[in-house]
Amino acid sequence: MSPTAASRVRVVLLTLGSLGAIATAGGPVLLAADVLAESRGFRPDGIGLIVPGVVATALVIALSTVACVVVFASGGSSPTIRARCSAALAVMPVLLTGGIAVWCARYLSSGTTFGAETVWIGVAAASVIAFTVACAALLGASLIRGDFSRSVLLVIALGCLIAGAVLQPAFLSGAILASALAVCSGAFVTDARADRVRRVPVIGGGSALTRPR
């Protein structure tokens, strides 16, 4: 795939990921309402969900904008640096999604409770474990040097993100954007490998692609 085509694929991928994350940004708000309903027997009404829903959507839009800047506007950076930055940034949507759910539970209950711990464990424990492993893998991918090891960690992270979203669909927003960033990071790893191949010195001078025939 040519560099131009690969860049277009990343544009489409991150655009779809951002739109999907924004469209599902209300998931953590609804999860918080469900937790409060089961914990306290009181479910916030539709009007009460508007403000946290708007806040959640605005935060996801802001993070999507940052993601686009990191992936596309840092053109002067090497593919390796962009791969690391994309992997590190992919942690943020997961943390933001979980943070929104906890904040909404406190906001919707007038700051008196986060909901029963047993309820949170029942509805979110498995997904939190999956997302924790994903975040650890993404952080590892942002720090490790080897391309192969980074690729393996990105695959692990992607699998855990998908599993976390399946286990708790209310966290789909963060999983979508994080997955898009993880795939973009993997694409930059491929770019870095191709860039090194082009720069490999050969006997007789020049490089692997510029050697006289």
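## A few points about the confidence of the model for the protein chain
- Per-residue pLDDT for the protein chain has a mean of 87; in total, 86% of the residues score no lower than 70.
- Across the protein chain, helix H6 (residues 117-143) holds the top mean pLDDT of 96, while helix H8 (residues 172-198) sits lowest at 84.
- Below a pLDDT of 50 lies the segment residues 209-213, which in the model reaches three contacts outside its immediate sequence neighbourhood of four places, other chains included.

## Focus: the nonpolar core
- Counting 51 residues, the largest nonpolar core has Leu-14, Leu-31, Leu-138, Leu-154 and Leu-181 as its most contacted members.
- Leu-154 has contacts with Ala-87, Leu-138, Ala-141, Ala-182, Ser-185, Gly-186 and Val-189, leaving out every residue within four places of it along the chain.

## Re the packing of helix H4 (residues 79-89) against H6
- Running from N to C, H4 and H6 point in directions that differ by 160 degrees, and their axes come no closer than 8 Å. Judged by the inter-axis angle, H4 sits roughly antiparallel to H6. For the pair H4 and H6, the sense of crossing is left-handed. Two secondary-structure elements touch here, H4 through Arg-84, Ala-87 and Ala-88 and H6 through Leu-138, Ala-141, Ser-142 and Leu-143.

## Quick look at helix H3 (residues 46-73)
- Taking 1.5 Å per residue as the helical rise, H3 with its 28 residues ought to reach 40 Å, and the 39 Å between its terminal C-alpha atoms agrees with that figure.
- The complete set of buried residues in H3 reads Leu-49, Pro-52, Gly-53, Ala-56, Val-60, Leu-63, Ser-64, Ala-67 and Val-71.

## Digging into the layout of surface pockets
- Roughly 200 Å³ of volume is contained in the second largest pocket.
- Val-94, Gly-98, Val-128, Phe-131 and Phe-171 are the residues nearest the centre of the second largest pocket, which is lined by 15 residues in total.
- Tallied by class, the residues present in the lining of the second largest pocket amount to 11 nonpolar, four polar and no charged.

## Re the state of the cysteines
- Under the counting rule described, the total for this entry stands at zero disulfides.
- Cys-135 takes part in no disulfide bond, and the closest cysteine sulfur to it belongs to Cys-160, at a distance of 9.7 Å.

## As for the side chain of Arg-82
- Relative to the helices and strands, Arg-82 resides in helix H4.
- Looking at Arg-82, its side chain comes within polar contact range of the main-chain oxygen of Val-71, at 2.4 Å.

## A few points about unusual backbone geometry
- Unlike most non-glycine residues, Ser-110 shows phi in positive territory, near 60 degrees.
- Summarising the element assignment, Ser-110 is placed in the loop between helix H5 (91-108) and H6.

## What about empty space enclosed by the protein?
- Tallied over the full model, the rule gives one cavity of 30 Å³ or more.
- Taken as a whole, the largest cavity holds about 40 Å³ of empty space.
- Lining of the largest cavity is provided by Ala-21, Val-60, Leu-63, Pro-93, Leu-96, Thr-97, Ser-173, Gly-174 and Leu-177.
- Listing elements by their share of the lining of the largest cavity, those giving two or more residues are H3, H5 and H8.
- Here the lining of the largest cavity is built from residues that sort into six nonpolar, three polar and no charged.

## Quick notes on the packing of aromatic side chains
- The final tally for this structure, using the stated rule, is two aromatic pairs.
- Between Trp-103 and Tyr-107, the ring centres sit 5.1 Å apart and the planes meet at 25 degrees, which makes this aromatic pair stacked. Placement of both Trp-103 and Tyr-107 in helix H5 is noted, with a separation of four residues, approximately one turn of the helix.
- With centroids separated by 6.0 Å and ring planes inclined at 65 degrees, the aromatic side chains of Phe-131 and Phe-171 adopt a geometry described as edge-to-face. Linking Phe-131 in helix H6 with Phe-171 in the loop between helix H7 (147-167) and H8, this pair joins segments that are 40 residues apart in sequence.
- Phe-131 sits in the buried class, given a relative accessible area of 6%.
- Taking the relative accessible area as the measure of exposure, Phe-171 reaches 6% and is therefore buried.

Rules of the game
- Residues numbered from 1 in each chain as written.
- Predicted model: local features only at pLDDT ≥ 70, side-chain atom pairs only at ≥ 80, totals over all residues.
- Heavy atoms only, no water.
- pLDDT = per-residue confidence, 0-100.
- Helix = DSSP H or I, 4+ residues; strand = E, 2+ residues; numbered from the N terminus.
- Contact = heavy atoms within 4.5 Å.
- Core = buried A, V, L, I, M, F, W, Y, C linked by side-chain atoms within 4.5 Å.
- Buried < 20%, exposed > 50% of the residue type's maximum accessible area, 1.4 Å probe, protein only.
- Axes fitted to C-alpha atoms, helices over the stretch in contact; angles between N-to-C directions.
- Parallel < 35°, antiparallel > 145°, perpendicular 65-115°, else oblique.
- Left-handed = near helix turned anticlockwise from the far one by under 90°.
- Expected span 1.5 Å × (residues − 1).
- 1 Å grid on protein atoms, 1.4 Å probe; cavity = no way out; pocket = protein on both sides within 12 Å on 5 of 7 lines; lining within 4 Å.
- Points joined across faces, edges and corners; volume = space filled by probe spheres on them.
- Nonpolar A, V, L, I, M, F, W, Y, C, P; charged D, E, K, R; others polar.
- Disulfide = S-S within 2.5 Å.
- Polar contact = N/O pair within 3.5 Å; in protein donor to acceptor, adjacent residues only side chain to side chain.
- Phe/Tyr/Trp six-rings, centres within 6.5 Å; stacked < 30°, edge-to-face > 60°.

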